[in-house]
Amino acid sequence: MDAGDSPLLKFAADLRSLRDKAGGYSYRQLGARAHYSATTLSDAAGGRKLPTLAVTLAYVRACEGDVAEWEDRWHRVAAEVLPTPQPAAGEGHPPYAGLAAYGTEDAEWFFGREHVLEDLESRIATRRFVAVFGASGAGKSSLLRAGLVPRRTDRTTVTTPSQCDFTAGDLDHDLLIVDQFEEIFTLCPDPDQRESFIDALLTAECQVVVGVRADFYGHCAQYPDLVKAITDGQLLLGPMGPEELRQVIMQPAIKANCTVETALVSRLIADATGQAGVLPLLSHALLETWRRRRGTTLTLAGYEAAGGIQHAIAQTAERTFTSLERQQRVLARQVFLRLTALGDGTEDTKRRLPRAELDHDVDVDVVLDRLAHARLLTLDRDTVEISHEALIRSWPRLRNWLSTDRDGLRTMRRLTEAAATWDALDRDPDALYRGSRLDTALEWTSRDGVRTSVTERDFLKASQDARDEERKRDHRQTRRLRQLVALLLVLLLFAGSAVVLAIRAQKQAAQERNLSVARLVANEAQSKRATDRRLANHLIIAAYQLSRTDDLRDQVLSFHAATSRDMVSRSVYPTGTTGPDGTALPNARVPFPADDHVYKRLGGYLTPRNTVTSVAVTPGQQAFATTAESPDARIWDITDARNPVLAHTFTEPLIHAVLSPNGQTLVTVESPALIRIWDASNPYEPVLRSTITRHDRAVNAIAFSPDKGDTLITIDNQSTVRLFDIADPSAPHQIGKLDDGQDVTTAAITQDGSTLAVAGRSGTIRLWDLRANPWDPTRLSTLDAHQDRVTTLGFRRDGTALASVGKDSTVRMWDLASKQSPTQRGRISGNTDNIYAVSFGDAPDWVTTANSDGTTRSWEFNLDLAIANMCETAGQPLTPEEWRRNFNGIAYHPPCS
């Protein structure tokens, strides 16, 4: 059988497919599992009619299918294929109200709340103000209208806040019942009007009973007088018990001369007991079951066909909605959205809509009539409203509409209210939309499926026209203003140009004057260095502060270096050296004056003809130095600098002898091109580990990498630079080579091995990138560094700065934040003779150089620290007379003050 397009045939085909997936049971086998006859199960999958829900679920269980999924699907198919029962002519008043609340005219059909009514009447007898709280669907409106009103013999009136326009209205009654009191919070936008309405009820001379949804209890608590009134006068309406439910089910049927199957009663009580807000669902399910009755009997089969408590409303709403034509369904969607007030922290509620808010259109009238006939809407003479809020909770399609675009729905509500206000004010132009509110409303109305009323369309059209007119007016005013501004700008341009030129000339003159004065003062400071160091220091600092140029900065650094040029270090340990336990050893940061000659010249305690070529500290915190002077080369134990001890003498002539930074490895150069690598862990007895013979030309210089000395750099007399990995001294191997065609006399490599710096007699420094290919490095940049030969180079530990020493008597620091564009951070002039090594100290701007006479020297490139040290040394600041003498015409502002 072809499933075709029919929902019923597709449903049957899927049942057969489910049986096949379960193992292809025969209907006899399936019947034994489902406890139904094989014929019944075969008919269920035959597609000729929709099986009952019970048969469907038994079939699914036998095939081990998803029961909940198939139950939901059965209800959807039933809504499409089962015809809507039409009441027979002359069959009388339905015994159940469906979604609508029981009114005073339905009192004879209202059952199940006798005990609650007696409790309510007793409260009214002793109190002037009583509030009935209950969840939506608990039966508050029915209790008040069909239960309480018929029992009263005095003048009793029932109203809602929206029916009396949020005013207390006529209070000349014995009892005023205000149903749906929560409308004062959901539909009244004016806080003052809301408070006036509540005050009128609380001060009325008549008795007052209000019905309030329980989720608005917190809203009531915002009004102290209302809280006081209801503290002892409130009745909480909860769910019905089984016996009350039995009365609701049985008594109306008996009154209508009908009977209810016992199985149906049991099922209804089981489905409804303990469920909050279930009464409208129950009433609607009973109404739909009554319409499907068999004779005068309400059956369980009819109840299931109606969808039961959980699905009856949704089934009715969906069937009614899908029966409409396409354009009518669009109108129905707009009607339901307009009839719903969006909750803010509470559930969405129904909203009574003036009929005038909907267009007078034939299709609109048809939609309202069809929905009212299905008891989904309640129509009065001038208003429309949803029959019960249970429809909002129970109809998935409506819930989806409300959740899809809540911001859009709020835009629609604001537009409706604004259009109504505009129309009520005789279409006052001041009430029109403007700015972002108009843009938001127009954007919303342009969406598919959005339909507005005639009044709303007129309102938006008038708002657009007003905006266009304002824009034209603004455009005219703007054009005139621009013409005026253009004229003023021309005038201002001439005046401003003159002022700018004058200010610029004045500023330029001041800068040139300051620079001229600063350089004259700097020259004066140079002449005073030998005779009055205090005055010289003050003058050079003041000159720099007056004109902060690079050359004056370098002069300040040089003055500072000259001030401390006779300060040498107590220890020969290189800066930053640590012992085996990681603690720092004494370094060159501790200065001593020049007359402390014990520490000034290490070479003086060796031999006059020996020069120090390297100093290293072992992990055991012993210090050793190498000296080389033809024909001798020696290793000295200088742990006690006062009494150096000869550790080892090389019998063969050496050209170079250099210890690694940690003192564990010694490299010597014999003959022009023979390099030997020694294990110097015992400097008293160095052990030869390997020999490098790959140089075909004489080696002029060697150097270690700054970490543990795992990389060896060699430079031959043709300026070829080679890199060797000597982490294993017994197996050295070449890892890179550079021959850039220029003179190279010194080189340095970063700690991570990524960058190589080389320099020579020309004074230029070249930076090379070794990361991609150390055999073919990539040039990063070239620095015009010194005016004479560069003698040594050293990188900061993190590779972000480079120090260079030249024969031009300068030590310079270069900022390598960008290795493609290095910049000079400072230049210090001083004696650089016989310096064989340079390195960075503990501070990032502090450089230490090592001299062949065994001394070390610090070079401070931190300008602020240099100035602070000079101020501390110089003592009293410049006097006004000294200032006037050197800075005539410039305001007194001496440094170090």
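Rules used throughout
Numbering of residues starts from 1 in each chain and follows the order in which that chain's sequence is written. At least 70 in pLDDT is required for a residue's local features to be given in this predicted model, at least 80 for side-chain atom pairs to be given and counted, and no such filter applies to totals for whole chains, interfaces and linings, which use all residues. Heavy atoms throughout the structure, all of them, feed into the side-chain values; hydrogens and water do not. Buried residues are those whose accessible area, probed at 1.4 Å on protein chains only, stays under 20% of the maximum for their type, while exposed residues exceed 50% and partly exposed ones sit between those limits. Each helix is a run of H or I in the DSSP string that is no shorter than four residues. Each strand is a run of E no shorter than two, and both are numbered from the N terminus. Read the arc as the range of directions from the helix axis to the C-beta atoms. The contact rule is simple, with two residues in contact once any of their heavy atoms fall within 4.5 Å. Strands qualify as paired when DSSP identifies two bridges or more between them. In this description, a line fitted to the C-alpha atoms serves as the axis of each element, helices being fitted only across the stretch in contact, and the angle between N-to-C directions of two axes falls anywhere from 0 to 180 degrees. Side-chain atoms within 4.5 Å are what join buried Ala, Val, Leu, Ile, Met, Phe, Trp, Tyr and Cys residues into a set we call a nonpolar core. The working definition used for a salt bridge is a side-chain nitrogen of Lys or Arg within 4 Å of a carboxyl oxygen of Asp or Glu. Polar contact is the term for a pair of N or O atoms within 3.5 Å; when the atoms are in protein, one must be able to donate a hydrogen and the other to accept it, and sequence-neighboring residues count only if both atoms are side-chain atoms. Computed over the protein atoms alone on a 1 Å grid, cavities are sets of points where a 1.4 Å probe fits but cannot get out and pockets are open sets with protein on both sides within 12 Å along at least five of seven lines; a residue lines them when it has an atom within 4 Å of a point. Grid points are joined across faces, edges and corners, and a volume is the space filled by probe spheres set on the points. Here the term charged refers only to Asp, Glu, Lys and Arg, the term nonpolar to Ala, Val, Leu, Ile, Met, Phe, Trp, Tyr, Cys and Pro, and the term polar to all other amino acids, Gly among them. Two helices that cross are described as forming a left-handed crossing if the nearer one is turned anticlockwise from the farther one by less than a right angle, and a right-handed crossing if clockwise. Each patch is built from salt-bridge-free residues with over 30% relative accessible area, joining like charges within 9 Å and nonpolar side chains (Val, Leu, Ile, Met, Phe, Trp, Tyr) within 5 Å. Only the protein chains shown count as cover for residues, and the accessible areas themselves come from Shrake-Rupley with a 1.4 Å probe. Only Phe, Tyr and Trp rings take part, Trp by its six-membered ring, and two of them pair if their centres are within 6.5 Å. Stacked means planes under 30 degrees apart, edge-to-face means over 60, and tilted covers everything else. Helices are assigned an expected span. That span is 1.5 Å times one less than the residue count. Positive charge is attributed to Lys and Arg, negative charge to Asp and Glu, and no charge count is given to His or to the chain ends. Where a charge lies is defined by one atom per residue type: Lys uses NZ, Arg uses CZ, Asp uses CG and Glu uses CD.

**What to know about helix α13 (residues 262-272)**
So, step 1. Turning to α13, its buried residues number three or more, namely Leu-264, Val-265, Leu-268, Ile-269 and Ala-272. On an axial view of α13, the arc spanned by its buried residues comes to 130°, and they lie on one face. Exposed side chains of α13 directed beyond 90 degrees from the buried face belong to Thr-262 and Ala-270.
So, step 2. Of the surrounding elements, those touching the buried residues of α13 are α12 (242-255), β6 (259-260), α14 (279-291), β7 (297-298), α15 (300-306) and α16 (308-322).
So, step 3. Remark: Gly-274 follows α13 within two positions and exhibits a positive phi of approximately 75°.

**Structural notes on the sheet that holds strand β36 (residues 846-851)**
So, step 1. Pairing within the open sheet is antiparallel, and its 3 strands lie in the order β35-β36-β37. A strand with exactly one partner marks an edge of an open sheet, and here the two such strands are β35 (835-840) and β37 (856-860). Neighbour-to-neighbour, the strand axes of the sheet open up by a mean angle of 25°, direction not taken into account.
So, step 2. Across 5 bridges, β36 lies against β37 in antiparallel orientation. The residue of β37 that forms the bridge with Thr-848 is Ser-858.

**Re the nonpolar core**
So, step 1. Counting residues in hydrophobic clusters, the biggest one holds 90 residues, and the most contacted among them are Leu-120, Ile-309, Phe-336, Leu-377, Leu-391, Trp-395 and Phe-459.
So, step 2. In terms of residue count, the dominant contributor to this core is α14 (7 residues).
So, step 3. Beyond its immediate sequence surroundings of up to four residues, Leu-120 is in contact with Val-130, Val-132, Leu-143, Leu-144, Leu-148 and Leu-235.
So, step 4. Listed in part, the 39 residues of the second largest apolar core include Ala-543, Ala-803, Ile-835 and Leu-878.

**As for the pattern of salt bridges**
Two side chains with opposite charge may pair up if their charged atoms get near one another.
So, step 1. Per the stated rule, a full pass over the model turns up 50 salt bridges.
So, step 2. Asp-551 is the partner of Arg-519 in a salt bridge, and the nearest nitrogen-oxygen pair spans 3.6 Å. Placement of the pair is Arg-519 in helix α23 (residues 454-528) and Asp-551 in helix α25 (residues 550-563), with a sequence separation of 32 residues.
So, step 3. Taking relative accessible area as the criterion, Asp-551 reaches 26% and is therefore assigned partly exposed.

**Observations concerning the side chain of Ser-162**
So, step 1. Its location among the elements puts Ser-162 in the loop between β2 (156-159) and β3 (175-178).
So, step 2. Of note is the side chain of Ser-162, whose polar atom sits 2.7 Å from the side chain of Glu-183.

**Concerning the layout of surface pockets**
Unfilled space is identified by rolling a water-sized probe across the atoms.
So, step 1. The calculated volume of the second largest pocket comes to roughly 1,300 Å³.
So, step 2. Broken down by secondary-structure element, the contributors of at least two residues to the lining of the second largest pocket are α8 (183-186), β10 (353-354), α21 (406-424) and α23.
So, step 3. The element contributing the most residues to the lining of the second largest pocket is α21, with 9 residues.
So, step 4. The class makeup of the residues in the lining of the second largest pocket is 14 nonpolar, 12 polar and 11 charged.

**Notes on the sheet that holds strand β29 (residues 764-769)**
So, step 1. The 4 strands are arranged β27-β28-β29-β30 in an open sheet whose pairing can be described as antiparallel. Two strands in the sheet have a free side with no partner beyond their single neighbour: β27 (746-749) and β30 (778-784). Neighbour-to-neighbour, the strand axes of the sheet open up by a mean angle of 20°, direction not taken into account.

**Structural notes on the packing of helix α24 (residues 533-546) against helix α26 (residues 863-874)**
So, step 1. Contact pair α24 / α26: the axes reach a minimum separation of 9 Å and the direction vectors enclose 145°. The handedness of the crossing between α24 and α26 is left-handed. Contact residues: Arg-534, Asn-537, His-538, Ile-540, Ile-541 and Tyr-544 in α24; Leu-863, Ile-867, Met-870, Cys-871 and Ala-874 in α26.

**Quick word on a nonpolar patch on the surface**
So, step 1. On the surface, Leu-481, Leu-484, Val-485, Leu-487, Leu-488, Leu-489, Leu-491 and Leu-492 cluster together into a nonpolar patch covering about 760 Å² of accessible area.
So, step 2. Checked against the element boundaries, Leu-481 lands in helix α23.

**Details of the packing of aromatic side chains**
So, step 1. Applying the stated criterion across every chain, the model contains 14 aromatic pairs.
So, step 2. Here Phe-11 and Trp-70 contribute two aromatic rings whose centre-to-centre distance is 5.5 Å and whose plane-to-plane angle is 70°, an arrangement assigned as edge-to-face. Of this pair, Phe-11 sits in helix α1 (residues 7-21) while Trp-70 sits in helix α5 (residues 67-81), and the two are 59 residues apart along the sequence. Just as Phe-11 is buried, Trp-70 falls in that class too.
So, step 3. By the ring-pair criterion, three or more aromatic residues cluster together here, those being Phe-181, Phe-185, Phe-197, Phe-216 and Tyr-223.

**Here's the deal with helix α9 (residues 191-203)**
So, step 1. For α9, built from 13 residues, the straight-helix expectation of 18 Å at 1.5 Å per residue is met to within 8% by its first-to-last C-alpha distance of 18 Å.
So, step 2. Arg-194, Phe-197, Ile-198, Ala-200, Leu-201 and Leu-202 are the residues of α9 that are buried.
So, step 3. Summarising the contacts, the buried residues of α9 are in contact with β1 (129-134), β3, α8, β4 (207-213) and α11 (224-230).
So, step 4. For α9, the N-terminal capping position is held by Asp-190, with its side-chain oxygen 3.0 Å away from the main-chain nitrogen of Asp-192.

**Concerning the pairing of strand β25 (residues 721-725)**
So, step 1. Burial analysis of β25 places 4 of its 5 residues in the buried class, the great majority of the element.
So, step 2. Judged from the 5 bridges that link them, strand β24 (residues 711-716) and β25 form a sheet pairing that is antiparallel. Residue pairing in the sheet places Thr-714 in a bridge with Arg-722 of β25.
So, step 3. Alignment of β25 against strand β26 (residues 733-738), held across 5 bridges, turns out to be antiparallel.

**Looking at a negative patch on the surface**
So, step 1. Together, Asp-190, Asp-192, Glu-195, Asp-199 and Asp-225 make up a negatively charged patch on the protein surface.
So, step 2. A per-element tally of the negative patch places α9 first, with 3 residues.
So, step 3. Among the secondary structure elements, Asp-192 is positioned in helix α9.
So, step 4. Taking the relative accessible area as the measure of exposure, Asp-192 reaches 56% and is therefore exposed.

**Quick word on unusual backbone geometry**
So, step 1. Even without a glycine there, the phi angle at His-35 is positive, about 65°.
So, step 2. Residue position: His-35 is located in the loop between α2 (27-34) and α3 (38-44).
So, step 3. For His-35, a relative accessible area of 69% translates into the label exposed.
So, step 4. The residue Glu-64 is not glycine, and still its phi comes out positive at about 60°.
So, step 5. With respect to the secondary-structure elements, Glu-64 resides in the loop between α4 (53-62) and α5.

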